[in-house]
Amino acid sequence: MTLAPVIAVVGPSGVGKDSVMNALVARAPGVQRQRRVITRPEGEDGEDFDRVSVDTFQRMERDGAFALSWHAHGLCYGVPKTITRQRQVAVAVLVNLSRTVLLEAQEVFGDLIVISLTAKPEVLSERLSLRGRESKAEQTRRLDRAQTSLPNGLNQVLEFDNSGAMEDTVAEILSHLQPESP
């Protein structure tokens, strides 16, 4: 059985990863989104995710519940093994990943497409301020990390600027993922 590709959506905080992913799922039949498991504390929202304690996460990791797991920004993140079932029925499966685990994800999933979202620094700053999830100091740290490069060795990388209208970004992504037939 052929598995659908995993599309890793990456980019700095505030670039609009979740909004773009939700729009792609809404506009592209057969594209599904994989929910992550995160140790994000109560009161901190964001994407649609499964919140667990650090102890629960570590137990799940020991029990082999994740296809991929990593630690970033003081939190633990995991992609459940259920992604394999999704890949059997979907056209593609979107997952929000950290740039630091992309090479490992490419090894784990094989057919990995990386969508790297960027935005102008002033746009990122404004979006981080508006969402109000981080302190000013944390916003500054996140903006400093915004220029982090993708690792060398990735097979398929598509880069899109999401500084403007999200609808334009989504249309551009879809034009690359679903080219017109001749």
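Refer to the structure above for everything that follows.
Let us look at the structure shown here. Note that this is a predicted model, so its numbers are computed, not measured. (Residues numbered from 1 in each chain as written. Predicted model: local features only at pLDDT ≥ 70, side-chain atom pairs only at ≥ 80, totals over all residues. Heavy atoms only, no water.)

**Some words on the packing of helix α1 (residues 17–27) against helix α7 (residues 166–177)**
Okay, step 1: Across the interface, α1 lies against α7 with an axial gap of 10 Å and an inter-helix angle of 60°. In terms of axis orientation, α1 runs oblique to α7. α1 and α7 meet at a crossing whose hand is right-handed. Residues S19, V20, A23, L24 and R27 of α1 pack against M166, E167, T169, V170, A171, I173 and L174 of α7.
Okay, step 2: The residue makeup of the contact of α1 with α7, split by class, is 8 nonpolar, 2 polar and 2 charged. (Axes fitted to C-alpha atoms, helices over the stretch in contact; angles between N-to-C directions. Helix = DSSP H or I, 4+ residues; strand = E, 2+ residues; numbered from the N terminus. Parallel < 35°, antiparallel > 145°, perpendicular 65-115°, else oblique. Left-handed = near helix turned anticlockwise from the far one by under 90°. Contact = heavy atoms within 4.5 Å. Nonpolar A, V, L, I, M, F, W, Y, C, P; charged D, E, K, R; others polar.)

**Details of the sheet that holds strand β8 (residues 112–118)**
Okay, step 1: If you walk across this open sheet you meet the 5 strands as β2-β7-β1-β8-β9, and the pairing is parallel. Each edge of the open sheet carries a strand with a single partner, namely β2 (31–33) and β9 (157–161). The average undirected angle you get between the axes of adjacent strands in this sheet is 25°.
Okay, step 2: Direction of pairing for strand β1 (residues 6–10) relative to β8: parallel, over a ladder of 5 bridges. Paired with I7 across the strands is I113, a residue of β8.
Okay, step 3: Here helix α4 (residues 102–109) sits on the sheet in contact with β1 and β8, set at roughly 150° to β8. (Pairing = 2+ DSSP bridges.)

In short, shape yes, function no, at least from these values alone.
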